[in-house]
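# Summary of structural features
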Amino acid sequence: MTIALETARVAVRAAQQLLAGVRPVAITGKTNPRDLVTEWDVRCEERIREVLEEHMPGVPVLGEEGGAGAGTVTGARWLVDPIDGTVNFAHGLPIWSISIAFEDAGVLEAGVVAAPLLGWWFEATRGGGARDGTGAPLAVSGVAKLEQALLGTGFPYDRATNPLNNFAEWEALQRRAGACRRLGCASLDLCLVARGWLDGYWERHLKPWDVGAGIVIAREAGATVTNIRGGPVDLLDGQVVATNGAIHGELLAELARARPVTTDPRPPR
């Protein structure tokens, strides 16, 4: 999928140019006031769609701001988050990213995630390995015990009212793991697992554009990526657990103890 990867690269670079030096002015909430959107989220996604259509015509785009666009290429689609970590972006915190993934027949084939203000770049193709912006290969950490692990996670926008708010899991893992962090950018969390800076990551209530690129990058760096029950990831279900592999069983077990599956009102997928 060299064409898809190169197209994603071009689109991410175009988005970086558009966002260089900008600060949001118009900030609004979506259905939840904590779920922010700025004028730059919209403009950036529009620019990305233009580039993707120019280089690979007819491939539909599922984007955070524009939804599912029309296309003619059956079975293939782009997953686009123009600014992952909009809350950080809106506050001037540089922990946000541009995330683009290519999926074909339900299989994630390529992905690029860039954090412009941090100078970070991550990319991968299925079966081709994962690399940083210098071309150096990415590899997961070698931490073998949960008690020594640095973990990342996140919380849903409706955490004040949603019983599946990740609070119980957060408290349990803060006690059990080496340390836990919340960065507010799911695509980067997955890439940090790929880079070996985080040993594991878990989260619920994610969207396909949040994690599509990060999943293929993490997998190609050697990460184990499953849902919260240890099964295959379903992008529509929104559950992701990614680790270096060595701590995966321990992390799944702790998550199950913190919130037994029987308390999850949603049926298994």
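Before any of the text, the structure's been laid out above.
Now for a look at the structure at hand. Note that the structure is a prediction, hence the values are computed from the model and not measured. (Residues numbered from 1 in each chain as written. Predicted model: local features only at pLDDT ≥ 70, side-chain atom pairs only at ≥ 80, totals over all residues. Heavy atoms only, no water.)

## What about the sheet that holds strand 5 (residues 76-84)?
Paired through their backbone hydrogen bonds, the strands of a sheet run either parallel or antiparallel. Here seven strands make up an open sheet; going across it, the order is 4-3-5-6-7-8-9 and the pairing mixed. Since the sheet does not close on itself, it has two edges, and those belong to strand 4 (67-68) and strand 9 (129-132), each with one partner. In this sheet, strand 4 lies alongside strand 3 (residues 61-63) in antiparallel orientation, the contact comprising two bridges. Bridging from a neighbouring strand, G63 pairs with G67 of strand 4. Helix 1 (residues 2-19) rests against strand 5, strand 6 (97-104), strand 7 (107-115) and strand 8 (120-125) of the sheet, and its axis sits at about 25° to strand 7. On top of the sheet, helix 2 (residues 39-55) reaches strand 3, strand 4, strand 5 and strand 6; it is set at about 150° to strand 5, its chief contact. (Pairing = 2+ DSSP bridges. Helix = DSSP H or I, 4+ residues; strand = E, 2+ residues; numbered from the N terminus. Contact = heavy atoms within 4.5 Å. Axes fitted to C-alpha atoms, helices over the stretch in contact; angles between N-to-C directions.)

## Things to note about the side chain of Q239
You can see Q239 is positioned in the loop between strand 13 (224-226) and strand 14 (240-243). Of note is the side chain of Q239, whose polar atom sits 3.3 Å from the backbone nitrogen of I228. A polar contact of 3.1 Å, which involves the side chain of Q239, links it to the side chain of D237. (Polar contact = N/O pair within 3.5 Å; in protein donor to acceptor, adjacent residues only side chain to side chain.)

## So, helix 6 (residues 208-220)
The terminal C-alpha atoms of helix 6, which comprises 13 residues, lie 18 Å apart, in line with the 18 Å expected from a rise of 1.5 Å per residue. Among the 13 residues of helix 6, 11 are classified as buried, and the element is accordingly described as predominantly covered. Of all the positions in helix 6, only P208, W209, D210, V211, G212, A213, G214, I215, V216, I217 and A218 are classed as buried. Within two residues after helix 6, G222 carries a phi angle of roughly 105°, on the positive side. (Expected span 1.5 Å × (residues − 1). Buried < 20%, exposed > 50% of the residue type's maximum accessible area, 1.4 Å probe, protein only.)

## Quick notes on the nonpolar core
Judged by nonpolar contacts, the single largest core of 36 residues is most densely connected at V211, I215, I217, V225 and V240. Elements supplying a minimum of two residues to this core: strand 7, strand 8, helix 5 (186-195), helix 6 and strand 14. Membership of the second largest hydrophobic core comes to 30 residues, among which are C44, I48, F89 and I98. (Core = buried A, V, L, I, M, F, W, Y, C linked by side-chain atoms within 4.5 Å.)

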